[in-house]
Amino acid sequence: MDHHHHQQQHHQYDEGENDYRHQEDDWDRDLLLDPAWEKQQRKTFTAWCNSHLRKAGTQIENIEEDFRDGLKLMLLLEVISGERLAKPERGKMRVHKISNVNKALNFIASKGVKLVSIGAEEIVDGNAKMTLGMIWTIILRFAIQDISVEETSAKEGLLLWCQRKTAPYKNVNIQNFHISWKDGLGFCALIHRHRPELIDYGKLRKDDPMTNLNTAFDVAEKYLDIPKMLDAEDIVSTLRPDEKAIMTYVSCYYHAFSGKQKAETAANRICKVLAVNQENEQLMEDYEKLASDLLEWIRRTIPWLENRVPENTMQAMQQKLEDFRDYRRLHKPPKVQEKCQLEINFNTLQTKLRLSNRPAFMPSEGKMVSDISNAWGSLEGAEKGYEEWLLNEIRRLERLDHLAEKFRQKAAIHEAWTNGKEEMLQRKDYETASLSDIKALLKKHEAFESDLAAHQDRVEQIAAIAQELNELEYYDSPSVNARCQQICDQWDSLGVLTQKRSEALQRTEKLLETIDQLYLEFAKRAAPFNNWMEGAMEDLQDTFIVHTIEEIQGLSTAHEQFKATLPEADKERQAILGIHNEIAKIVQTYHVNMAGTNPYTTINPQEINAKWDKVRQLVPQRDQALIEEHARQQNNERLRRQFANQANVIGPWIQTKMEEIGRISIEMHGTLEDQLTHLRQYEKSIVNYKPKIDQLEGDHQLIQEALIFDNKHTNYTMEHIRVGWEQLLTTIARTINEIENQILTRDAKGISQEQMNEFRASFNHFDRDHSGTLGAEEFKACLISLGFDIGNDAQGEAEFARIMSIVDPNRLGLITFQAFIDFMSRETADTDTADQVMASFKVLAGDKNYILADELRRELPPDQAEYCIARMTPYTGPDAVPGALDYMSFSTALYGESDL
């Protein structure tokens, strides 16, 4: 049976007559392979059959038992197909059962299904595999074959439907009808896709298949009227769930949801038709409203665009332009959009009406697309004109603003420049100005006139701009005109004031130049005249020192010549004062305010007059001084002559006397005593001459008091006379003394008169300059002439040196006649020595080595005895007695002192 069945199965696949069968696996072989599938199929198919049978009020409990009599099988087919089958056999016999089963099989075959290797006998006998195979064939034909999705049908159609419905669920991937469903999410996704409110899909987890499967089965049973045809545990525990069981269960989902879809489609069709109508009506309403609004906006906007009333200010016009730009940028674009939308809506509406076989839309009166286009055209026309007008107006206002600003600027500059100018031009500063100030003011005024001329252009420009602003109808013309008028009036005033000031400055300059010339002339003449007066005053007051009549006569002559020039000088003074008076007259006549004094000189008329008066006063004073000095000089001359007359007698007299005394001492007439007598007579006559000297001293006193320092009448001064007189007195006294000493020497040394005369003759011979002394060389020559051996050899020099130390102990280099005589007498005569005196004292002392005072008093004159006692020192020798005096040392001392 089995073998035959297998052959039949293979034959079925070979033929491949029916697609739905061709697509299936061999269920029989599958069942043999895995008994778990049989269990799954039994449960699923039973539930599927009951889901239909309950419509006929019945059900089955055991699939291979309850279909054996064929009655419930026929009922199932009627419920599924909705058709009536042949009336069943009601008998209980096997033949009746076979007949009923055959009727069912024939019905299935009549639906285009070839039931290969399924016979009525096996069904009646309760063959489970055959029964399950038959039910699967019914499920395929009635539940799956009619499924059609996008050109695919049956199993592929169902699979594609599952894939389409679960596509949005990322964790579901349906590729088959076995393992793709194991996690239960496929079932849940199908339910959630169609009825999202039944399952909270977000809470499901892929790793919890039991919960997922049970959730789906429970919800399907409760809400979708799909009985539980599968067991969650079976599916989870089976490596590969039974494909037929799952296909059967999934097909129930398809039929449950596609049935609902048909109702929806029907409702949708009605809604669609209604919606088209409603939409069309809405579009008509929208068109009408949009058209009305747009036309109303155009109607409102055109008058605004046609308003051509200009504004006064640039700001207001700029605001208009800004408003217009806002209109262009903000308000118009939405309206352009609206107009465009309106045309689109109109065309869309007409198309829709045409497509849905409805009559065309006719808008109300005046709201046609053409009406709107015409209105829009008018708007654009107004708009174009408006923009041109705005820009022209702005250009005009710009020009006006520019001109007005230019006017204001130039006016402001001009007003700033003119500020204070009128006041400056009316200033009387020239009245107190000096000539240099006036020249500076004139230069400054010339510069101002140039500046004024340069500003003429600006004034003309200001007037021209004001004129143009009037022509362009500037809104603020009145104030512009007023300002312009004020500027022009002030300009004219400045011109007049400038001219006046110019004239005043030039007039003042001329006057000041005249005065300046006079000042200069005054200065040129006053300075030398002033110098002349100062010189004259100096000369007139000059203290003169004259010593002669001639000198004072010279001064008087010069003074007379000076007096002769005074009338001419007075004329010059009058002329200089005349210049000053002329200046005063100009100042008074023209009311010139003379600032300061003459710049060329500090001399003024008062000073000139004061000095002139002083000169006039000094002239008679000078006259008097000269007269007095003349008298004084005459007196001085008398004193000079008086002194000279006496001095010229006394001077020669003294000279003569000196010469005579010199001759007496040199000529050696008579004895020394005769010479002495002669000299004493001379001395007496000289002493008697003294009163004449005294009288001359008196005259000299008068000369000194008169401050006379020279005397041309004599060469003798009082000093000469005094010195001569003193020399005369000294000479006579010395000469007398020399003669007296010569007498002493002669007597002491026993020199004869002849020897003395010889010494004198030798001395005088060598005293070549008659000075009364010999020099060393003269003395040496004198000694050689007297026979002394003093040659030029060393011995001679030594001898001469010894002699010189005697005759010139003070080393004056001069030897007097007295020293010469002393030397010569010592050389030629016996002379006392210390030894001789000592020997004399020894005689008086009675041959003792000492002498007593009594002995001295007895032998010598009293004064000489006392002289010796006073000078002798006590004797201290071995033989000394009290009162013994040392005569030896005394004798030595006598000669020692004398030598010294």
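Residues numbered from 1 in each chain as written. Predicted model: local features only at pLDDT ≥ 70, side-chain atom pairs only at ≥ 80, totals over all residues. Heavy atoms only, no water.

Visitor: Help me out: how do you make sense of the overall build of the protein in this one?
Guide: Per the secondary structure count, the protein includes 32 helices and six strands. For a compact globule of 900 residues, the expected C-alpha radius of gyration is about 29 Å, and the protein comes in at 93 Å, more than 25% above that figure. On the principal axes, the C-alpha backbone points of the protein span a range of 255 × 120 × 50 Å. Contacts spanning at least 24 positions in sequence make up 72% of the contacts within the protein whose residues lie at least 6 apart. When the accessible surface of the protein is totalled, it reaches about 50,000 Å², and 52% of it is carbon and sulfur. Averaged over its 108 positive side-chain charges, the protein has a centre that lies 16 Å from the centre of its 146 negative ones. (Helix = DSSP H or I, 4+ residues; strand = E, 2+ residues; numbered from the N terminus. Rg over C-alpha atoms; globule rule 2.2 N^0.38 Å. Contact = heavy atoms within 4.5 Å. Areas by Shrake-Rupley, 256 points an atom, 1.4 Å probe, with all protein chains shown as cover. Lys, Arg positive; Asp, Glu negative; His and termini not counted. Charge placed at Lys NZ, Arg CZ, Asp CG, Glu CD.)

Visitor: Explanation requested: helix H18 (residues 435-471) in the structure shown.
Guide: The periodicity of an α-helix, 3.6 residues per turn, causes residues three or four positions apart to be oriented the same way. The end-to-end C-alpha separation of H18 is 53 Å, in line with the 54 Å expected for 37 residues at 1.5 Å each. Helix geometry: H18 is bent most strongly at His-455, by close to 25 degrees. Note on H18: the residue one or two positions beyond its end, Glu-473, has a positive phi of about 55 degrees. (Expected span 1.5 Å × (residues − 1). Bend = angle between axes of the 7 residues up to and from the residue.)

Visitor: Sorry if this is basic, but what is going on with the packing of helix H16 (residues 369-418) against H18 here?
Guide: Two numbers describe a pair of packed helices, the interaxial angle and the distance between the axes. Packing of H16 against H18 brings their axes to within 10 Å, and their N-to-C directions diverge by 155 degrees. Of the possible angle classes, the one that applies to H16 and H18 is roughly antiparallel. Considering the relative orientation of H16 and H18, their crossing is left-handed. Two secondary-structure elements touch here, H16 through Arg-399, Leu-400, Leu-403, Ala-404, Lys-406, Phe-407, Lys-410, Ala-411, Ile-413, His-414 and Trp-417 and H18 through Phe-448, Asp-451, Leu-452, His-455, Arg-458, Val-459, Gln-461, Ile-462, Ile-465, Ala-466, Glu-468 and Leu-469. (Axes fitted to C-alpha atoms, helices over the stretch in contact; angles between N-to-C directions. Parallel < 35°, antiparallel > 145°, perpendicular 65-115°, else oblique. Left-handed = near helix turned anticlockwise from the far one by under 90°.)

Visitor: Would you mind showing me how to read the side chain of Thr-498 here?
Guide: Note that Thr-498 resides in helix H19 (residues 477-541). For Thr-498, a relative accessible area of 4% gives the class buried. With near-sequence residues (within four places) excluded, Thr-498 lies in contact with Leu-425, His-445, Phe-448, Glu-449 and Leu-452. (Buried < 20%, exposed > 50% of the residue type's maximum accessible area, 1.4 Å probe, protein only.)

Visitor: Could you clarify how one ought to interpret the UniProt feature "domain: Calponin-homology (CH)" (unreviewed entry) in the protein in this entry?
Guide: Under the local residue numbering, the UniProt record ascribes the feature "domain: Calponin-homology (CH)" (unreviewed entry) to residues 39-143 and 152-258. Helix makes up 65% of residues 39-143 and strand makes up 0%, while its end C-alpha atoms are separated by 21 Å. Taken end to end, residues 152-258 has its terminal C-alpha atoms 16 Å apart, with 56% of it in helix and 2% in strand. (UniProt positions renumbered as here; feature names shortened; annotations may be inferred.)

Visitor: For this particular structure, what's the right way to read the pattern of salt bridges?
Guide: One pass over the full model with this rule turns up 61 salt bridges. A salt bridge links Glu-296 to Arg-300, with the shortest nitrogen-to-oxygen separation between them at 3.8 Å. A residue pair is termed a helical-turn pair when its members lie 3 or 4 positions apart in one helix, as Glu-296 and Arg-300 do in helix H14 (residues 243-306) at four residues. Salt-bridge contacts for Arg-328 lead to Glu-387; the nearest nitrogen and oxygen are separated by 3.0 Å. Taken together, the positions of Arg-328 in helix H15 (residues 314-355) and Glu-387 in helix H16 put the pair 59 residues apart, joining distant regions of the chain. Residue class for Glu-387 comes out partly exposed when judged on its relative accessible area of 25%. When salt bridges that share partners are traced, they join Arg-328, Lys-332, Glu-380, Glu-383 and Glu-387 into one network. (Salt bridge = Lys/Arg side-chain N within 4 Å of Asp/Glu carboxyl O.)

Visitor: Could you clarify how one ought to interpret the environment of Arg-396 in this entry?
Guide: With respect to the element layout, Arg-396 can be found in helix H16. Of the residues examined, Arg-396 reaches a relative accessible area of 27% and is grouped as partly exposed. As a C-alpha pair, Arg-396 and Asn-374 span 22 residues in sequence and 33 Å in three-dimensional space. Other than its neighbours up to four places away in sequence, Arg-396 contacts Pro-310, Glu-311, Leu-472 and Glu-473.

Visitor: Where do I start with the packing of helix H23 (residues 690-705) against helix H24 (residues 718-749) in this structure?
Guide: Running from amino to carboxyl end, H23 crosses H24 at an angle of 155 degrees, the nearest separation of the two axes being 11 Å. Here H23 is positioned roughly antiparallel relative to H24, judged by the angle of their axes. The element H23 and its partner H24 pack so that their crossing is left-handed. Note on element contacts: H24 touches H23 through Met-718, Ile-721, Arg-722 and Trp-725, opposite Lys-690, Ile-693, Leu-696, Glu-697 and His-700. Residues of the contact of H23 with H24, tallied by class, amount to five nonpolar, one polar and three charged. (Nonpolar A, V, L, I, M, F, W, Y, C, P; charged D, E, K, R; others polar.)

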